[in-house]
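Residue strings, one per chain:
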There are 6 protein chains.
Amino acid sequence: MTSLPTRLIDMALAEDIGTGDITTDYLISCDSQGRGIIVAKEDLILAGLDIAKTVFQRLDPQVHLQSAYKDGAEVVCGETVLQLEGSLRALLTAERPALNFLQHLSGIATHVRTYVKALQHSRVRLVDTRKTTPGWRVLEKYAVRMGGAHNHRMGLFDGVLIKDNHIAACGGIQQAVAAARKQISHLIKIEIEVSDLAGIHEALESGVDVIMLDNMDIAHIREAVSVIKNRAIVEVSGGVTLNQLSDLAQTGVDLISVGALTHSARAVDLSMRIQ
Amino acid sequence: MTSLPTRLIDMALAEDIGTGDITTDYLISCDSQGRGIIVAKEDLILAGLDIAKTVFQRLDPQVHLQSAYKDGAEVVCGETVLQLEGSLRALLTAERPALNFLQHLSGIATHVRTYVKALQHSRVRLVDTRKTTPGWRVLEKYAVRMGGAHNHRMGLFDGVLIKDNHIAACGGIQQAVAAARKQISHLIKIEIEVSDLAGIHEALESGVDVIMLDNMDIAHIREAVSVIKNRAIVEVSGGVTLNQLSDLAQTGVDLISVGALTHSARAVDLSMRIQ
Amino acid sequence: MTSLPTRLIDMALAEDIGTGDITTDYLISCDSQGRGIIVAKEDLILAGLDIAKTVFQRLDPQVHLQSAYKDGAEVVCGETVLQLEGSLRALLTAERPALNFLQHLSGIATHVRTYVKALQHSRVRLVDTRKTTPGWRVLEKYAVRMGGAHNHRMGLFDGVLIKDNHIAACGGIQQAVAAARKQISHLIKIEIEVSDLAGIHEALESGVDVIMLDNMDIAHIREAVSVIKNRAIVEVSGGVTLNQLSDLAQTGVDLISVGALTHSARAVDLSMRIQ
Amino acid sequence: MTSLPTRLIDMALAEDIGTGDITTDYLISCDSQGRGIIVAKEDLILAGLDIAKTVFQRLDPQVHLQSAYKDGAEVVCGETVLQLEGSLRALLTAERPALNFLQHLSGIATHVRTYVKALQHSRVRLVDTRKTTPGWRVLEKYAVRMGGAHNHRMGLFDGVLIKDNHIAACGGIQQAVAAARKQISHLIKIEIEVSDLAGIHEALESGVDVIMLDNMDIAHIREAVSVIKNRAIVEVSGGVTLNQLSDLAQTGVDLISVGALTHSARAVDLSMRIQ
Amino acid sequence: MTSLPTRLIDMALAEDIGTGDITTDYLISCDSQGRGIIVAKEDLILAGLDIAKTVFQRLDPQVHLQSAYKDGAEVVCGETVLQLEGSLRALLTAERPALNFLQHLSGIATHVRTYVKALQHSRVRLVDTRKTTPGWRVLEKYAVRMGGAHNHRMGLFDGVLIKDNHIAACGGIQQAVAAARKQISHLIKIEIEVSDLAGIHEALESGVDVIMLDNMDIAHIREAVSVIKNRAIVEVSGGVTLNQLSDLAQTGVDLISVGALTHSARAVDLSMRIQ
Amino acid sequence: MTSLPTRLIDMALAEDIGTGDITTDYLISCDSQGRGIIVAKEDLILAGLDIAKTVFQRLDPQVHLQSAYKDGAEVVCGETVLQLEGSLRALLTAERPALNFLQHLSGIATHVRTYVKALQHSRVRLVDTRKTTPGWRVLEKYAVRMGGAHNHRMGLFDGVLIKDNHIAACGGIQQAVAAARKQISHLIKIEIEVSDLAGIHEALESGVDVIMLDNMDIAHIREAVSVIKNRAIVEVSGGVTLNQLSDLAQTGVDLISVGALTHSARAVDLSMRIQ
């Protein structure tokens with residue numbers, strides 16, 4: 001990541017600490033030191049280590065942090081992900097927010113990795129969508145990469161994706177693609193969503209760069225690929241499940257996008273132990 | 001909710017729109033009007049309707065919004081959750097951020113409801129934890145209530161929860177409870193985490209208000225309840241699954257807390273259709 | 001304090017420095033070093049030392065700061081509270097904002113201490129109210145603790161306090177207490193404001209945790225205490241003056257809350273001398 | 001005021017409401033309407049009415065507000081300062097923050113008015129200082145004007161005030177004044193602090209616009225005025241009490257500055273009654 | 001523009017008004033109404049009208065604004081660009097910030113239009129660069145479009161532009177392009193900067209989408225175009241002046257980028273007249 | 001500068017980096033180190049060096065920065081303005097924002113210096129105006145000082161400037177000046193804009209401190225100066241060009257204000273070279 005998500009870390013600490021950690025502030029002396037470890041309680045793919053570190057550093061800038069892993073690593077249940085030494089107050093107060101970041105992001109990376117493994121003998125690119133937790137776009141897309149998949153566009157600003165409503169408003173695929181081409185930067189490609197062969201033919205004539213096959217069955221996808229014949233990049237989208245991945249990959253499409261990579265990953269289990 | 005999560009809505013729009021929705025801005029005229037509906041694609045418990053509305057209002061303050069449902073309602077697959085009429089650009093640009101809020105929060109409410117139903121003939125209170133998505137604490141705890149469960153403390157500021165590290169640092173349960181009692185507001189109760197009978201006895205002597213039984217098996221929980229005999233509120237915590245709920249409820253405990261209510265709910269499916 | 005009031009410090013510096021300290025910037029060389037001391041000009045209870053230090057550190061991160069006192073200490077007129085050594089520009093520009101924090105918070109702590117002394121042979125707990133300077137809640141409640149008194153709830157979020165309008169809207173004390181109990185966290189207690197014996201009886205039946213006797217005279221308070229007989233914590237509130245404290249303490253109440261602790265303390269006198 | 005103190009209002013509401021007004025949210029229906037009045041509980045000079053209104057409008061944009069008074073008005077004990085009609089939840093939740101603003105600012109205006117009255121037959125201008133509550137500079141200086149006094153400079157940016165440390169660093173009064181004159185805007189005047197006659201003579205030679213007599217006794221002030229003979233504006237400063245005002249005014253000085261106007265005013269009593 | 005530059009408008013008002021417009025606040029009654037017009041004092045291309053309107057609306061939400069022009073229009077010297085009617089205080093205080101926005105953005109649009117006219121019989125696309133005023137990227141790129149030119153990438157996030165240092169770090173053009181292709185979104189194109197024929201050949205082999213000819217003379221550019229033969233989009237960059245545009249256009253390149261479009265436009269003259 | 005423009009630097013980095021510098025992040029290893037120099041590509045007056053340094057430090061707090069120049073220095077084409085050594089990623093990503101600050105501010109300082117030189121044998125003070133780029137007021141006025149000229153008021157808050165609309169609203173010059181004098185701080189002077197001799201006479205009678213001659217020709221200015229005879233400071237304003245400066249200076253006026261100092265300076269050319 002180019003920059004840490006400062007604002008989200010601020011919000012996480014503010015919403016949890018609020019007017020003060022009354023248990024820790026009243027029971028632990030401000031000069032107590034402590035040592036702790038964060039341990040994986042299940043097999044997982046790590047993501048968010050730098051953020052977790054930063055959460056502790058916010059409460060104790062002198063905290064000593066050490067890890068044998070980097071984001072993207074496979075960690076086996078029982079392994080120590082992070083060693084900490086510093087203000088005992090800081091360790092106890094920051095524990096939950098730090099773990100919440102780590103569990104959420106590692107949860108996504110771990111979930112993504114199962115999809116990536118299902119595609120490992122294929123040249124197909126697995127990509128995420130814009131179905132991310134509000135406020136977490138850059139972080140969750142980072143976790144997707146740590147899981148081994150790729151990112152679709154980051155948002156509405158770095159790629160053109162023309163859907164049926166855009167087409168209807170412009171009066172047709174050709175008009176829509178032409179209008180976009182005329183105005184967008186020369187570094188941005190145009191993708192269009194189609195749902196039948198007629199749409200594919202029109203899209204090809206309009207000179208789009210990428211065609212998204214929306215909610216088609218395997219047979220139609222296979223036919224679409226043979227019609228398109230490398231004249232455009234082909235993306236499959238819409239309710240794709242883990243079981244279908246392998247079959248979809250064999251249709252010859254270039255990309256498969258899966259919203260569930262980000263919107264339906266459960267948190268993985270990690271816990272902190274004070275020593 | 002007392003106040004809408006303004007900052008998170010700002011972040012959601014900023015991270016998605018960035019320097020501009022280049023597809024919509026270049027293909028849809030700024031004076032085009034449109035009508036749309038948001039439809040449930042599966043059975044769900046609704047949560048986040050006001051936030052979704054606000055997302056659309058940000059981009060078109062004149063948008064007309066109407067709904068037959070309130071948060072907490074059961075919505076059947078296929079039903080229309082929200083009708084929209086306003087700037088077509090606003091509808092298209094706000095669609096994904098608005099749905100992301102609605103799908104995440106309704107996902108939690110729907111998930112919670114399955115747990116609530118498993119406890120419906122019991123007087124036990126099902127509560128959430130602090131294992132929430134950073135930045136989303138108030139929202140996710142609201143969704144838990146919409147699902148029918150209750151909230152544990154909101155953060156570190158509105159309840160004392162003494163854990164083993166606090167006890168160790170104070171030199172014992174009695175000392176820890178006494179130190180807390182001396183300093184906290186008279187409106188805050190003290191909860192202590194114990195893992196065996198010795199701890200329970202000491203906790204009762206110290207006069208705590210709530211005892212949390214951490215990771216105990218059913219037999220020990222039953223014994224603990226009979227020892228405590230209403231001298232303190234009893235909470236069970238630690239890796240509780242949906243299947244165990246009914247058995248746990250019959251042990252006589254007062255509260256069962258479940259982290260999975262918030263950290264492992266998948267998004268439910270809702271989509272917007274322009275008409 | 002868990003965290004320094006960063007935002008208020010920013011505002012204090014911004015509102016005073018604005019587009020620049022034109023006297024200091026134009027008359028003092030940016031590499032001049034200076035030494036100064038902050039001296040108590042009257043007897044006082046110290047509060048806000050860390051904030052004052054932070055104000056200087058904002059303008060000169062290398063400033064050297066030393067103090068023989070901690071917050072809560074009694075400081076005699078003439079004593080040096082803080083020694084400073086660093087950029088002369090920083091010392092001169094930060095002087096007034098730093099003193100404004102220190103004088104305001106020490107003013108409250110000093111004021112509170114006079115009340116605390118009036119209650120020193122009593123087991124009654126002296127508490128503050130929500131009548132604090134907007135933007136200063138956490139700081140002023142901290143100064144109250146430094147003065148030796150206790151905090152009532154921090155805000156509307158960490159305690160239930162049912163007043164007459166809440167009771168009227170719910171249709172009675174019993175209904176109000178029941179509605180609150182059903183929804184609040186199990187770690188929060190319920191306090192109710194009553195003004196006569198009928199209210200006290202109803203409150204006791206409803207099972208409230210704390211009863212606030214609002215604007216009652218000494219005789220009625222004494223009667224109320226004997227009626228309540230430890231079945232609830234008893235708080236006295238409403239226009240309490242320093243002179244009444246001792247008499248009120250002898251009625252047997254548990255808490256006395258005094259708005260004047262925070263809303264009517266004058267600043268104590270401290271000044272900085274460059275050496 | 002050119003603009004309302006939006007940020008301070010935000011902070012006031014955030015610090016009080018936090019994660020929610022649990023009493024009001026759980027006991028009052030969100031569609032209950034209510035009417036209330038804010039009443040003066042003692043004679044006072046009003047200041048802060050627009051801010052109090054804004055606090056209520058934040059929680060209920062439709063609230064209906066009406067007042068027979070404007071800031072600066074004398075209000076007699078028992079009079080209604082503001083009538084309110086709107087969401088009962090909003091009235092109850094906003095009551096304390098709104099009153100805290102009104103009581104603090106009216107407290108200053110009322111305090112200032114007693115000083116102003118002591119000077120009413122004099123041409124001397126009573127001015128405030130920079131000894132204001134951090135974060136409240138513009139508001140408190142506004143309350144000073146509502147009380148009938150004038151403002152000294154708003155901060156370090158809109159006036160040059162040369163003190164002994166500046167003089168020492170420049171090598172003398174003449175050098176300090178010349179350096180300032182050379183660099184400041186032609187619209188800013190230069191004031192210098194002096195403590196004896198030698199300083200006054202040097203200041204006059206340097207061509208300063210304003211001379212501040214710091215902590216001088218009446219006799220020396222009178223002598224200083226006769227020496228200066230209208231060649232500079234004369235300000236008296238330093239520990240001025242209400243009792244001395246009249247005598248000071250007769251010395252012929254132009255301005256008297258009093259820190260206590262802002263740093264030692266107690267809150268006046270106002271309360272809200274729901275009808 | 002999808003959204004107005006709220007933050008920059010806030011900063012503009014804050015830096016100019018500060019603690020108050022002391023001339024207007026003290027001389028103009030707060031209920032005075034006024035009418036004014038903003039007039040072009042030279043021929044210009046309009047840009048920033050909505051922002052100028054918003055500046056006035058901030059100070060008077062009821063201000064009435066009317067204009068016969070839209071951004072992008074040619075306005076002749078002497079024409080009225082905007083009619084205003086509202087609070088006289090608001091008109092006078094907002095005048096300068098509003099004009100500063102309008103003069104800066106119209107200055108860019110007007111400057112750009114002279115370049116666009118020099119290319120009007122050509123199919124070459126004139127584009128801007130990232131040499132914009134910090135804080136103004138989206139606004140200045142909008143003004144470029146109003147002037148009739150196109151935008152290069154908005155920032156470092158929506159296009160890959162590989163320069164010599166990137167190539168050196170990767171060990172060659174092929175490696176650099178391959179590394180980028182592997183990781184970027186399928187909707188982003190890759191541009192590479194080359195300075196000689198060898199670079200062009202290598203770039204073509206690597207399959208880049210766009211080749212930027214950096215600081216080449218006309219003869220070499222012509223040769224480069226014939227070598228590339230539509231296998232990549234060709235951009236010319238580096239110190240391009242208005243005089244060279246026509247010759248450059250005839251070389252057959254696709255894009256010409258000019259930093260001076262944004263970094264060296266002077267403000268055009270507009271003024272407000274109160275009527 | 002008292003404080004660096006933190007917010008503008010944040011905005012500059014945010015608008016350029018957005019969701020990530022995809023070229024640098026994907027092609028340069030995060031542990032690569034690099035060395036670079038920033039070189040003047042034309043003769044210039046330096047301004048903004050500290051800001052440029054801060055931009056690099058934001059992305060690499062360990063970056064080593066060294067310069068032989070200070071702001072205000074004349075730098076000859078080809079000279080190295082800044083040497084850098086640190087993270088190669090940081091150098092490449094921060095290059096453009098850092099240069100954009102440096103080129104803009106040095107552009108103003110360089111432009112100002114040409115005006116200053118035209119006045120070098122005169123005692124006239126050259127001053128800027130409020131015609132600055134929104135968001136950049138303090139920075140651009142700093143660059144004006146680095147160029148050798150002076151600042152007029154910083155904004156509407158630190159000087160009274162009465163224009164025709166203020167006069168009309170008050171019913172005359174005398175009334176306007178009296179109203180201002182009564183209310184403003186004793187440290188602020190009053191300037192009034194006049195356009196003819198009648199106005200000058202009335203202004204002198206009213207006792208203003210500064211008279212601005214607006215858009216008068218040289219003959220009238222000369223007459224005005226002789227009428228005013230040092231009873232007020234005289235400022236000339238309105239469309240002043242570089243060529244007129246010398247003639248204007250000889251009329252005996254005290255100040256000449258020139259909007260073009262800030263609103264029409266072009267960026268000077270500086271570039272970064274990685275070594």
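S.K.: Account for the overall build of chain A, with residues named and values stated.
M.R.: Broken down by element type, chain A carries eleven helices and twelve strands. Expressed as lengths along the three principal axes of its C-alpha atoms, the size of chain A is roughly 70 × 40 × 25 Å. Considering only intrachain contacts with a sequence separation of at least 6, the fraction spanning at least 24 residues in chain A is 71%. For chain A, the separation between the mean place of its 27 positive charges and that of its 32 negative charges on side chains is 4 Å.

S.K.: Pulling in residues and values, what's your account of the arrangement of the chains?
M.R.: A minimum C-alpha distance of 8 Å separates chain A and chain D, which share no contact. No interface is formed between chain B and chain F, the nearest pair of C-alpha atoms being 8 Å apart.

S.K.: Account for the interface of chain A and chain B, with residues named and values stated.
M.R.: Each partner contributes residues to the interface: chain A has 57 residues there, and chain B has 57 residues. Both faces considered, chain A and chain B share a buried interface measuring about 5,000 Å² in area, 61% of it formed by carbon and sulfur atoms. Of all residues in chain A, the largest losses of buried area upon contact with chain B belong to Leu27(A), Pro134(A) and Leu156(A), amounting jointly to 14% of the total for that side. The tally of links between chain A and chain B comes to four salt bridges. Among the salt bridges present, the one from Asp16(A) reaches Arg130(B), with a minimum N-O distance of 2.6 Å. Linking chain A to chain B there are 28 residue pairs in polar contact (both at pLDDT 80 or more). Listed by contribution, the elements that provide at least two residues to the side of chain A that touches chain B are α1 (6–17), α2 (22–27), α4 (88–118), β7 (160–162), α6 (164–170) and α7 (173–183) of chain A. Ranked by residue count, the leading element in the side of chain A that touches chain B is α4(A), at eight residues.

S.K.: Run through unusual backbone geometry, naming residues and quoting values.
M.R.: Comment: phi is negative for the bulk of residues other than glycine, and the bulk of peptide bonds are trans. All names here are of chain A. Even without being glycine, Lys-229 reaches a positive phi, approximately 45°. Looking at the element boundaries, Lys-229 is found in the loop between α9 (218–228) and β10 (233–237). Even without glycine at this site, Asn-230 takes up a positive phi of about 65°. With respect to the helices and strands, the residue Asn-230 is situated in the loop between α9 and β10. Given the relative accessible area of 77%, Asn-230 is considered exposed.

S.K.: Could you give an account of the side chain of Glu193(A), with specific residues and numbers?
M.R.: Residue and element names in this part refer to chain A. If you trace the backbone, Glu-193 turns up in strand β8 (residues 190–194). Although Glu-193 lies buried, it forms no salt bridge, and the closest oppositely charged side chain, Lys-163, sits 4.3 Å away as judged by the N-O distance. Filtering out sequence-adjacent residues up to four positions away, Glu-193 remains in contact with Leu-161, Ile-162, Lys-163, Ile-167, Met-212 and Asp-214.

S.K.: Describe the pattern of salt bridges, with residues and values.
M.R.: Scanning the entire structure with this criterion turns up 60 salt bridges over all chains. Between Arg123(F) and Asp254(F) there is a salt bridge, with the nearest N and O atoms lying 3.1 Å from each other. Of this pair, Arg123(F) sits in the loop between α4 (88–118) and β6 (125–127) while Asp254(F) sits in the loop between α10 (245–249) and β11 (255–257); the two residues are 131 residues apart in sequence, bridging distant segments of the chain. We classify Asp254(F) as buried; its relative accessible area is 19%. By sharing partners, the salt bridges in this structure join Asp16(A), Arg130(B) and Arg137(B) into a single network.

S.K.: Before we move on, could you go through the interface of chain B and chain E and cite the residues and values that matter?
M.R.: With six residues of chain B at the contact, the number on the chain E side is five residues. Carbon and sulfur atoms supply 59% of the area that chain B and chain E bury against each other, a total of about 430 Å² over both sides. Its largest share of buried area at the contact with chain E, chain B owes to Thr19(B), Asp25(B) and Tyr26(B), together 75% of the area lost on that side. The interface formed by chain B and chain E contains zero salt bridges. On the surface where chain B and chain E come into contact, there are zero residue pairs in polar contact (both at pLDDT 80 or more).

S.K.: Got a sec to walk through the sheet that holds strand β7 (residues 160–162) of chain C? Specific residues and values, please.
M.R.: All names here are of chain C. Spatial ordering of the open sheet is given by β6-β11-β10-β9-β8-β7, a layout of six strands whose pairing is parallel. Edge positions in the sheet fall to β6 (125–127) and β7, since each has one partner strand and no second. Averaged over all pairs of adjacent strands, the angle between strand axes in this sheet comes to 25°, irrespective of strand direction. Where strand β9 (residues 210–214) and strand β10 (residues 233–237) come together, five bridges link them in parallel fashion. Bridging across to β10, Leu-213 finds its partner in Val-236.

S.K.: Pulling in residues and values, what's your account of the relation of the copies chain B and chain E?
M.R.: Each copy superposes on the other: chain B lies on chain E with an RMSD of 0.1 Å after a rotation of 120° and an axial shift of 0.1 Å. The operation mapping one copy onto its partner corresponds to a three-fold rotation axis. Considering only C-alpha atoms, the residue of chain B closest to the rotation axis is Arg7(B), which sits at 8.3 Å.

S.K.: How would you sum up the sheet that holds strand β6 (residues 125–127) of chain B? Please name residues and give values.
M.R.: All names here are of chain B. Here we have six strands laid out as an open sheet, ordered β6-β11-β10-β9-β8-β7, and parallel in their pairing. In this open sheet, the two strands that pair with only one neighbour each are β6 and β7 (160–162). In this sheet, neighbouring strand axes are inclined to one another by 25° on average, regardless of whether the strands run parallel or antiparallel. The strands touched by helix α7 (residues 173–183) within the sheet are β7 and β8 (190–194), with β8 carrying the most contacts at an inclination of about 160°.

S.K.: Just give me the short version of the pairing of strand β8 (residues 190–194) of chain C, but keep the residues and values in it.
M.R.: Residues and elements named next belong to chain C. Along β8, five of the five residues are buried, which leaves the element largely enclosed by surrounding structure. Side chains Ile-190, Ile-192 and Val-194 project from β8 onto one buried face, and the interleaved Glu-191 and Glu-193 project onto a second face that is buried too. Note: β7 against β8, three bridges, orientation parallel. Bridged to Val-160 within β8 is Ile-190. Bridge count for β8 against β9 is four bridges, and the pairing is parallel. Bridge assignment links Glu-193 to a residue of β9, and that residue is Met-212.

S.K.: Summarise the relation of the copies chain A and chain B; cite the residues concerned and give the values.
M.R.: Relative to chain B, chain A is turned by 180° and slid 0.0 Å along the rotation axis, the superposed coordinates differing by an RMSD of 0.0 Å. Given the turn and translation reported, the copies of this chain are related as if by a two-fold rotation axis. Closest to the rotation axis within chain A is the C-alpha of Arg266(A), separated from it by 3.5 Å. Interface residue correspondence from chain A to chain B reaches 100%, placing this contact among same-surface, isologous pairings.

S.K.: Help me get a handle on the domain arrangement of chain A, residues and values and all.
M.R.: Residue and element names in this part refer to chain A. The domain boundaries assigned to chain A delineate domain 1 (6–111 + 266–274) and domain 2 (117–263). On a C-alpha basis, the centres of domain 1 and domain 2 stand 37 Å from each other. Across the boundary between the two partners, domain 1 contributes 15 residues, which contact 14 residues of domain 2. Regarding the contact of domain 1 and domain 2, the summed buried area is about 1,100 Å², with carbon and sulfur atoms giving 71% of it. Along the contact surface separating domain 1 from domain 2 lie one salt bridge. Across the salt bridge formed by Lys-117 and Glu-74, the nearest N and O atoms sit 3.9 Å from each other. Here domain 1 is connected to domain 2 by three residue pairs in polar contact (both at pLDDT 80 or more). Among the elements that take part in the side of domain 1 that touches domain 2, α4 stands out by supplying six residues, more than any other. Residue composition of the side of domain 1 that touches domain 2, grouped by class: nine nonpolar, four polar and two charged.

About the thresholds
- Residues numbered from 1 in each chain as written.
- Chains lettered and ligands numbered in written order.
- Predicted model: local features only at pLDDT ≥ 70, side-chain atom pairs only at ≥ 80, totals over all residues.
- Heavy atoms only, no water.
- Helix = DSSP H or I, 4+ residues; strand = E, 2+ residues; numbered from the N terminus.
- Contact = heavy atoms within 4.5 Å.
- Lys, Arg positive; Asp, Glu negative; His and termini not counted.
- Charge placed at Lys NZ, Arg CZ, Asp CG, Glu CD.
- Buried area = accessible area lost by both parts, 1.4 Å probe.
- Salt bridge = Lys/Arg side-chain N within 4 Å of Asp/Glu carboxyl O.
- Polar contact = N/O pair within 3.5 Å; in protein donor to acceptor, adjacent residues only side chain to side chain.
- Buried < 20%, exposed > 50% of the residue type's maximum accessible area, 1.4 Å probe, protein only.
- Pairing = 2+ DSSP bridges.
- Axes fitted to C-alpha atoms, helices over the stretch in contact; angles between N-to-C directions.
- Least-squares fit on C-alpha atoms with pLDDT ≥ 70 in both.
- Domains from an automatic or database assignment.
- Nonpolar A, V, L, I, M, F, W, Y, C, P; charged D, E, K, R; others polar.

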